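# Working through the structure, step by step
The lines below spell out each chain.
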Amino acid sequence: MNLQKWNLRVGLPVLGWLVALVAVVVARDAVPASGWLMIHLLGLGAASNAVLIWSWYFTESVLHLSHTENRRAQAVRLLLFNVGAVTVILGYGVWGTGIWGTGIWGTGTWGLGTWGAIVAGATLAFVAVAWHGVALWGRLRRALSSRFAVMVRYYVAAAAFLLVGIVLGATVARPLSGDWHDRLAVAHAGLNLLGWIGITVIGTLVTLWPTILRTRMGERVERAAKAGLPMLCGAVAVVVIGTLVGLVAVAAIGIALYAVAAAYALAPHVDEIRRKKPTGFDALSVLAGVLWLLVVLVVLAVRYATAPDWAAAYQRLDALTPALLGGFLAQVLLGALSYLIPVVLGKKPSATQQAMRVLDIAGPVRVGAANAGLLAWVLPWSGPAARWAGAVAVIAFASFVPLVVWAAVKAVRPVPTDGPRPRPTQRSPRVVLGSLAAGVAAVVVVAAIGVVVERWFSSTTDRVVATGQTTTVEVTVRGMRFVPDRVEVPRGDRLVVELTNTGDQTHDLVMPNGSRTPRLAPGESASVDAGVIGASEQGWCSLPGHRQMGMVFDVEAVGGADASPSSSSAGVDGRAPVRIGAAPGPDFVARDPRAPLTPTERVHRMTLEVRDVENPVAPGITVTQWPYGVVGPDGVYRGGAPGPTLRGKVGDVFEITLVNGASAGHSIDFHAGALAPDRPMRTIEPGQSLQYRFTATRSGVWLYHCSTMPMSTHIANGMFGAVIIDPPDLPAVDREYLLVQSEVFLGGPDGTADPDRIGAERPDLVVFNGYANQYDHRPLTARVGERVRIWVLAAGPNRGTAFHVVGGQFDTVWKEGAYRLRQGDAQSGGSQVLDLAAAQGGFVELVFGEPGSYPFISHVMVDAERGAHGIIAVR
């Protein structure tokens, strides 16, 4: 096989991956996990194949070796790599059914079959890349001294980084405890983008860039390349070390060091640009890609440095990934191929020039349109203008596919010419600038037309005068509902919905004006512009059956004419459901769910003080409470619902001092003590105190609460807590937790509980330990095989609980002073629910047989959906 046919065949996989990428981009709304697929079709597929092919080609060129040797081995390596890559893609995109994690660098977690496919694919790719790196090193060691041997060292280092990246990519495809998923995903992205792709690109530009410009190499290029390689490798290592030791700041330093090293290695090429201005698509595209890389690295370093935790760092990486892949990787790849493909396929110089002219058709215009459209797409704003600008960028990038096919035909079968040999298109700098501006103008014009068209077809714009204001709402998914599922929008405002799929399956949101999000896999996000709101309307999830199961999103137009409340999704009293789907902020600290240890002393003394305080009960929701609290040694008052937990044994004495530092009269009633209520449970006025002494005569998890009337209102305002009196001979367990369920009623005077809603038994939230869904975000923990005891108390004021652990079975149940089920009894079965009326308590025990995330809920499902929900993360 001659060299031309060989180059054509080995280049086909790159074209195949690019075609698949374009197909997913076009059909992304209907493709689950389309973000993940686009990244890996470009990075793992097209770009990695190009690196494997061209790094080998340049190694042979700079070491003055034959291009016809070792073809069989190269073909086998490419076959292994592509089979592995396809297996990983299929394992994720076809056989998988979800995403583990919350970003486009996360991978799936499914059954062992899918996990096995991903590991098998990763193994094949690992073998191919390792073989490639070893072969490059062997050729370098055996070759004669070469001026540009440093390029081969770049390729070997890049292959080494990819090997580690492959291992981490397979690792994050399984559940990981704590923040390890986010940390390793950041390391995986850094190794692949900066180590494998970035180092390869910077090394290749040593000779490729002046060759594309057709000028002599800059004086300092070789020296900068030799010094830059260890700097780049060290920077990547710092990023990985930062993820392993758990310090985001270290990873930020690594990114900053990489930016400095890249700038140092690339800076000498500026001299080549001064001598020969880039005018063709190949040079302009490569130059634009390098500039994107440097800018994004600086932004990413700053974003990492200011990230409060790894979850935030991971999200910020997700946000900048389109800029890295579209701005840097895609443009460098397409620009380099636009030069290299004609060179290696052309039968003769005239054929090469014909192919180059094809790939340079409207080159500056395409570069201008691609970069302007991409910039509009990645900036932190949304709407039809960004969507249409992004579409222009996609067209500009996708135009490479038909052009490269046409160019390949021209190179292999050139059109005979009678005149002089065709030369590359020559443009003056003024023409280049004008063409770039034309590309930018095309993006602006198309975006403007798109906005006009969308507004023209909007179902509401002809019925209302636009205010010029935009209402933006954040919406998440919980089960089979949007959260919130109803919003109020001023009539005439434009509505933008930012949807994050926090559910466990694919969803989308379609609005009546025809705008819609793509189909979002779990963890993915997108915005949808619902247009100007002139009347109440309803959006929905378009997946089969989801709308019928209640996945609707009601928009209530308020103000102006006919702004009557909608009844489609409001509560029974006309109030919209409370929004509890959002995650708390990065500084959120959950109530410690661990039950206190049983003290050794037999007399327990504590001073409880009541104050009026503001406490959060859900993300973005703060209420005024009257909780029991304590003043610490530092003089700081700490009070919240539930109040401090007391613990002891039967026969222990409790001496409690109650101090009323609030604005109204309060009291306290300890169910753990049996005594006449007249004196110890009396109401004391602000500034007064009382002594409450009782002896624990019976075991149980007992409620204490305010007994001042109306008692329901005082309890609803956070005046409750738990006392644990251990049953005799209570066995030791590995982990012990306490969950106190209570109700929250919003909308009362001065931020307190609403007495009308309390009386109507219409809680806005039902919570464990005072905060809705807090243990979804800060899970309880356990290990496989450990015995876990969970004490549960229903504080009310009105509702009990049906405590259940999804995926777990209780082998021990203790309720209201007696065992209902005990582990080890000969006749014991199992239990699924601990049923407690208001003010009742008990505990359950269970052992988890395998790792995973086990939700715990009140199986009164409406209460679980109101916030009585959490997670036990089992390692």
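Residues numbered from 1 in each chain as written. Predicted model: local features only at pLDDT ≥ 70, side-chain atom pairs only at ≥ 80, totals over all residues. Heavy atoms only, no water.

## Notes on the overall build of the protein chain
Within the protein chain one finds 20 helices and 29 strands. Counting contacts in the protein chain only where the partners sit at least 6 residues apart, residues at least 24 apart contribute 74% of the total. Accessible area for the protein chain stands at about 35800 Å²; split by element, carbon and sulfur atoms hold 60% of it. (Helix = DSSP H or I, 4+ residues; strand = E, 2+ residues; numbered from the N terminus. Contact = heavy atoms within 4.5 Å. Areas by Shrake-Rupley, 256 points an atom, 1.4 Å probe, with all protein chains shown as cover.)

## A word on the nonpolar core
Burial of nonpolar side chains together is a common tendency in soluble globular proteins. In this structure, Trp54, Tyr154, Ile199, Tyr258 and Tyr304 are the most contacted members of the largest nonpolar core, which totals 154 residues. It is helix H11 (residues 310-345) that contributes the most residues to this core, 22 residues altogether. Residue contacts for Tyr258: discarding those within four places in its chain leaves Leu194, Gly198, Ile199, Ile202, Leu232, Ala235, Val236 and Leu297. (Core = buried A, V, L, I, M, F, W, Y, C linked by side-chain atoms within 4.5 Å. Buried < 20%, exposed > 50% of the residue type's maximum accessible area, 1.4 Å probe, protein only.)

## Examining the pattern of salt bridges
Considering all chains together, one arrives at 25 salt bridges under this definition. With a shortest N-O distance of 3.1 Å, Arg757 and Asp764 are connected by a salt bridge. The exposure class of Arg757 is buried, given its relative accessible area of 8%. Residue classification places Asp764 among the buried residues on the basis of a relative accessible area of 9%. A salt bridge links Arg799 to Asp863; its shortest N-O distance comes to 3.0 Å. Here Arg799 is found in the loop between strand S22 (787-796) and strand S23 (801-805), whereas its partner Asp863 is found in helix H20 (residues 861-865), with 64 residues between them in sequence. (Salt bridge = Lys/Arg side-chain N within 4 Å of Asp/Glu carboxyl O.)

## Some words on the sheet that holds strand S24 (residues 812-815)
Strand order in the open sheet formed by 6 strands is S20-S19-S22-S27-S24-S25, and the pairing between neighbours is mixed. Two strands in the sheet have a free side with no partner beyond their single neighbour: strand S20 (765-768) and strand S25 (818-821). Neighbour-to-neighbour, the strand axes of the sheet open up by a mean angle of 20°, direction not taken into account. (Pairing = 2+ DSSP bridges. Axes fitted to C-alpha atoms, helices over the stretch in contact; angles between N-to-C directions.)

## Considering the confidence of the model for the protein chain
Mean pLDDT over the protein chain stands at 86; residues scoring 70 or higher make up 88%. Throughout residues 94-113 the model reports pLDDT below 50, and contacts reaching past four residues in sequence, or to other chains, amount to 79 contacts. (pLDDT = per-residue confidence, 0-100.)

## Digging into H11
The largest bend in H11 amounts to roughly 45° and is located at Leu320, with the proline Pro322 lying one to four residues further along. Counting buried residues in H11 gives 31 out of 36 residues, a clear majority hidden from the surface. (Bend = angle between axes of the 7 residues up to and from the residue.)

## Let's talk about the environment of Gln354
Counting through the fold element by element, Gln354 comes out in helix H12 (residues 349-359). For the pair Gln354 and Ala411, spaced 57 residues apart in sequence, the C-alpha to C-alpha distance is 6.9 Å.

## Observations regarding a nonpolar patch on the surface
A grouping of Trp180, Ile241, Leu244, Val245 and Leu247 is seen on the molecular surface, where their side chains present a nonpolar patch of about 460 Å² in accessible area. By secondary structure assignment, the location of Leu244 is in helix H7 (residues 221-245). (Patch = residues over 30% accessible without salt bridge, like charges linked within 9 Å, V, L, I, M, F, W, Y side chains within 5 Å.)

## With respect to the pairing of strand S11 (residues 628-631)
Bridge count between strand S8 (residues 603-610) and S11: 2 bridges; the pairing is antiparallel. Its bridge partner being in S11, Glu609 is matched across the sheet by Gly629. In the sheet, S11 pairs with strand S12 (residues 637-639) via 3 bridges, with the strands oriented antiparallel. If you follow Val630 over to S12, its bridge partner there is Arg638. Between S11 and the antiparallel strand that follows it, S12, lie 5 residues; Gly635 among them carries a positive phi value of about 80°.

## Examining the packing of aromatic side chains
For the structure on display, the rule yields 20 aromatic pairs. Plain terms: the ring middles of Phe482 and Phe553 are 6.4 Å apart, the flat faces sit at 80° to each other, and that makes the pair edge-to-face. Placement of Phe482 in strand S2 (residues 481-483) and of Phe553 in strand S7 (residues 552-558) is noted, with a sequence separation of 71 residues between them. The pair Phe482 / Phe553 is uniform in exposure class, with both members buried. (Phe/Tyr/Trp six-rings, centres within 6.5 Å; stacked < 30°, edge-to-face > 60°.)

## A look at the sheet that holds strand S28 (residues 852-858)
Taken in spatial order, the 5 strands line up as S21-S29-S28-S23-S26 in an open sheet, and their pairing is mixed. In the strand order of this sheet, the two ends are held by strand S21 (780-782) and strand S26 (834-836), each with one partner. Pairwise comparison of adjacent strand axes, ignoring direction, gives a mean angle of 20° for this sheet.

## Some points on the environment of Val134
Secondary-structure assignment places Val134 in helix H4 (residues 112-142). In the structure, Val134 is positioned 25 residues away from Ala159 in sequence and 9.1 Å away in space, judged by C-alpha atoms.

## Considering the pairing of strand S17 (residues 700-705)
The buried fraction of S17 is high, at 5 of 6 residues. Pairing analysis gives 2 bridges linking strand S15 (residues 669-670) to S17, with the strands arranged antiparallel. Bridging from a neighbouring strand, Asp669 pairs with His705 of S17. Pairing of S17 with strand S18 (residues 720-726) involves 6 bridges; the strand directions are antiparallel. Counterpart to Val701 in the pairing with S18 is Ile724.

## Overview of unusual backbone geometry
The linkage connecting Val483 with the following residue, Pro484, adopts the cis geometry, with an omega of -5°. When you line up the elements, Pro484 lands in the loop between S2 and strand S3 (486-490). At Ala362, a residue that is not glycine, the phi angle is positive and equals roughly 50°. Tracing the backbone through its elements, the reader meets Ala362 in the loop between H12 and helix H13 (363-378). Its identity as a non-glycine residue notwithstanding, Asn773 has a phi of 60°, on the positive side. Turning to its location among the elements, Asn773 is positioned in the loop between S20 and helix H19 (774-777).

## Re helix H6 (residues 180-213)
Where H6 bends most, at Leu205, the angle is about 55°. For H6, the buried fraction is high: 32 of the 34 residues fall into the buried class. Once H6 ends, the next one or two residues include Arg214, with phi positive near 60°.

## Some thoughts on the environment of His188
Looking at the element boundaries, His188 is found in helix H6. Once the C-alpha coordinates of His188 and Gly165 are considered, the two residues, 23 residues apart in sequence, prove to be 4.9 Å apart.

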